[in-house]
Amino acid sequence: MSPPEHSVAIIGGGITGLTAGFCLKRKGVPVTLYEAGHRVGGVIESIREEGYLAEFGPNTILETSPRIGQLVRDAGLAGRRLDPAPEAEARYVVRYRRPVAMPDSPLGFFTSPLFTAKAKLALLREPFVPRRRDGGEESIAEFVIRRLGREFLDHAIDALVAGVYAGDPYKLSVPQAFPKLGQLEARYGSLIKGQIFGARERKRRGEVAKDRAPKFSFDEGLQVLPDALRERLGESVRLNAGVSRLAQRPAPGGWTVQALQDGREMLAEHRAVIYAGTAYGLAQMPIQARVPLSLAPFAEIRYPPVASVVLGFRREDVAHPCQGFGMLIPKIEGFKILGAIFSSSLFPNRAPAGHLMLTCYVGGERYPELASKPPPELVALVCEDLGVLLGVKGKPTYQHVVFYPRAIPQYNLGYGRYRQLMTDIERQAPGLFLAGHYRDGVSLSDSIVSGCGVADRVEEYLRAQPDSD
Ligand SMILES: Cc1cc2nc3c(=O)[nH]c(=O)nc-3n(C[C@H](O)[C@H](O)[C@H](O)COP(=O)(O)OP(=O)(O)OC[C@H]3O[C@@H](n4cnc5c(N)ncnc54)[C@H](O)[C@@H]3O)c2cc1C
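Quick caveat: nothing in here was measured; it's all calculated off a predicted structure. Every chain's residues receive numbers from 1 upward, in the order its sequence appears when written. Restriction of local features to residues with pLDDT of at least 70 applies here, the model being predicted, together with a cutoff of 80 or more for giving and counting side-chain atom pairs; totals for whole chains, interfaces and linings are based on all residues. Values shown for side chains rest on all heavy atoms present in the structure; no hydrogens or waters enter the calculation.

Caption draft 1: Seen up close, the site of the ligand. If you check the shell around the ligand, you find 33 residues, and the closest are Thr16, Glu35, His437, Val442 and Leu444. Whenever two N or O atoms come within 3.5 Å, that pair is a polar contact, provided that in protein one can donate a hydrogen and the other can accept it, and provided that, for residues adjacent in sequence, both atoms are side-chain atoms. A distance of 2.7 Å separates an oxygen atom of the ligand from a polar atom in the side chain of glutamate 35. A distance of 3.0 Å is found between an oxygen atom of the ligand and a backbone nitrogen or oxygen belonging to valine 43. Surface exposure here means Shrake-Rupley accessible area, sampled with a 1.4 Å probe, where a residue is shielded only by the protein chains that are shown. In the complex, 85% of the free accessible area of the ligand, which totals 1000 Å², lies under the protein chains. In this text, helices come from DSSP runs of H or I with a minimum length of four residues, and strands from runs of E with a minimum of two, each type numbered from the N-terminal end. Only helix H1 (15-26), strand E11 (241-248) and helix H16 (444-463) provide two or more residues apiece to the shell around the ligand. Each residue gets one of three labels, nonpolar for Ala, Val, Leu, Ile, Met, Phe, Trp, Tyr, Cys and Pro, charged for Asp, Glu, Lys and Arg, and polar for the others, Gly among them. Looking at the shell around the ligand residue by residue, the class counts come to 16 nonpolar, 16 polar and 1 charged. Consider each residue's heavy atoms; a residue with any of them within 4 Å of a molecule or strand counts as near.

Here it is, written out as structure tokens:
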């Protein structure tokens with residue numbers, strides 16, 4: 001079946017493309033979504049097997065914007081949403097080679113064994129540390145050392161950076177990867193003051209800080225969301241349809257999309273195109289526009305490899321209670337895993353009775369060479385670390401490894417150049433829109449907000465077109 005005349009083409013059936021398609025359809029704009037793979041969801045992947053419900057990509061959505069809850073309701077999923085049990089709020093950071101609960105109040109911080117007295121004093125001094133005034137771009141490591149001291153970097157931020165980006169704190173850029181931190185310093189002169197005074201402004205804008213945002217999933221895992229969006233998009237979704245070429249049409253405009261669907265080449269005309277794939281895919285996409293576009297630099301964006309190792313154990317084989325969200329592991333502690341999520345304490349029905357499930361990540365910028373090891377070796381190295389950290393003994397009752405050769409883009413120093421290029425490309429090639437994790441933030445919530453935002457921009461663009469109906 002050929003796509004409807006004048007629909008908007010969406011390349012990529014990850015959460016960004018699906019959200020954009022769903023929002024456009026609700027606005028009355030016909031869409032055709034091309035997904036190269038045989039399923040929707042992109043890196044989201046929930047699998048129920050052997051009594052376990054495993055998540056290999058993201059585990060939860062953070063509700064940082066009202067648009068996220070709205071999408072869930074509009075997709076008819078309010079009744080399937082699952083919020084974690086209150087006891088699952090506890091987070092651990094490894095120190096002295098054991099998981100230590102992260103403090104959740106100022107008093108808790110000052111009595112916590114997580115930091116030495118020296119680090120606690122450094123926090124008290126933070127409001128008096130002068131702003132950086134030369135306007136230079138800093139890495140998150142430099143920023144934290146300057147404002148809070150090295151101990152905060154080595155024992156807290158390094159672990160956090162591994163948990164979010166699987167990244168290197170000496171390379172990740174503050175304005176690109178942690179823009180809110182840079183803004184707090186610029187605006188309030190201090191992170192602590194900004195934390196206190198910024199809360200009022202966020203409330204006014206309807207935003208929630210990432211550390212306070214409610215997290216959630218669905219009864220059958222995160223895959224429920226892409227599957228529901230796909231169902232609502234109906235025949236507009238084409239699976240096994242990798243887009244291989246784009247060409248801008250002469251005036252009055254529009255785009256020709258060439259795709260290989262189930263091995264057959266097809267051409268279709270569209271009024272606009274949203275590219276919601278990956279940065280390295282964009283670098284290789286032949287795009288024939290009226291002016292030559294500079295796409296090759298996107299190949300430089302690093303996506304380090306990550307392996308997700310999901311393991312089930314008998315409850316009695318794990319000494320630690322594993323009640324909470326999970327544990328982050330700083331590099332300085334000398335373990336191979338980047339961190340672990342206590343998946344079965346987060347949501348019910350993730351493991352059979354009397355068992356628990358742990359989701360561990362290996363690789364990233366810290367140890368990229370480990371991620372591609374064969375699954376039995378990965379399981380063995382994860383079990384070794386879990387033995388020390390959580391008192392795990394005995395063999396796993398369930399194991400499943402998924403390898404992401406290119407997992408998460410690194411918003412490293414200089415990333416602003418790529419974002420500027422994306423803005424330039426949209427200006428040079430009207431009707432081509434770029435959205436998703438490589439542009440608007442790497443989290444699932446960022447990708448959803450990016451999908452909603454690009455749908456608004458496309459609607460506005462179409463309204464301004466002469467042949468708009
Ligand atoms: C291991 C891992 C753990 C994560 N954990 C979390 C977490 O706990 N919390 C969180 O918030 N975020 C997490 N993330 C990040 C988050 O999942 C992603 O940022 C988000 O899902 C990206 O969605 P996307 O649609 O932009 O991209 P993707 O999910 O990458 O989707 C892109 C899609 O485009 C398709 N495509 C590409 N090129 C073409 C083409 N030429 N033609 C047709 N289709 C094409 C691909 O097949 C793919 O389906 C994690 C990511 C990974 C990899």
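Moving on, there is more to tell.
Caption draft 2: Expanded view of the nonpolar core. Counting 60 residues, the largest nonpolar core has Tyr34, Ile140, Leu246, Ile287, Phe298, Leu432 and Tyr438 as its most contacted members. Counting residues per element, this core draws most heavily on helix H6 (residues 150-165), which supplies 6 residues. Counting residues in each nonpolar core, the second largest holds 41 residues, with Ala20, Leu24, Leu222 and Ala228 among its members. We define a nonpolar core as any set of buried Ala, Val, Leu, Ile, Met, Phe, Trp, Tyr and Cys residues linked to one another through side-chain atoms lying within 4.5 Å. Relative accessible area decides the class of each residue, using a 1.4 Å probe on protein chains only: under 20% of the type maximum gives buried, over 50% gives exposed, and in between gives partly exposed.

Caption draft 3: Spatial organisation of the layout of surface pockets. Whether a set of points on the 1 Å grid over the protein atoms alone is a cavity depends on a 1.4 Å probe fitting there but being unable to get out, while an open set qualifies as a pocket with protein on both sides within 12 Å along at least five of seven lines; lining residues are those with an atom within 4 Å of a point. Grid points are joined across faces, edges and corners, and a volume is the space filled by probe spheres set on the points. Put simply, the second largest pocket is a space of about 250 Å³. The wall of the second largest pocket is formed by 14 residues, among which Gly136, Val174, Pro175, Gly182 and Glu185 lie closest to the centre. For the lining of the second largest pocket, the secondary-structure elements that each account for two or more residues are helix H5 (140-148), helix H7 (174-177) and helix H8 (179-188). Of all the elements, H8 adds the most residues to the lining of the second largest pocket, at 4 residues. Class assignment of the residues belonging to the lining of the second largest pocket gives a composition of 4 nonpolar, 4 polar and 6 charged.

Caption draft 4: Looking closely at the pattern of salt bridges. Counted as salt bridges are all cases of a side-chain nitrogen of Lys or Arg within 4 Å of a carboxyl oxygen of Asp or Glu. Under the counting rule described, the total for this entry stands at 27 salt bridges. The salt bridge involving glutamate 185 is made with arginine 146; its shortest N-O contact spans 2.9 Å. Of this pair, glutamate 185 sits in helix H8 while arginine 146 is found in helix H5, placing the two residues 39 residues apart along the sequence. Looking at glutamate 185, the relative accessible area reads 6%, which means it is buried.

Caption draft 5: Structural context of H8. Buried within H8 we find Leu184, Glu185 and Tyr188. The buried residues of H8 occupy an angular sector of 105 degrees when the element is viewed end-on, so they sit on one face. H8 presents Ala186 and Arg187 as exposed residues on the side facing more than 90 degrees away from its buried surface. Contacts between residues were defined by any pair of non-hydrogen atoms, one from each residue, lying within 4.5 Å. Buried residues along H8 sit in contact with H5 and helix H9 (191-205). Looking at the residues trailing H8, positive phi occurs at glycine 189, about 75 degrees. The arc in question is traced by the directions running from the helix axis to the C-beta atoms.

Caption draft 6: Quick look at unusual backbone geometry. Although it is not a glycine, alanine 166 adopts a positive phi angle of roughly 50 degrees. Here alanine 166 lies in the loop between H6 and H7. At asparagine 240, a residue that is not glycine, the phi angle is positive and equals roughly 50 degrees. In this structure, asparagine 240 sits in the loop between strand E10 (237-238) and E11. Judged by relative accessible area, which is 33%, asparagine 240 ranks as partly exposed.

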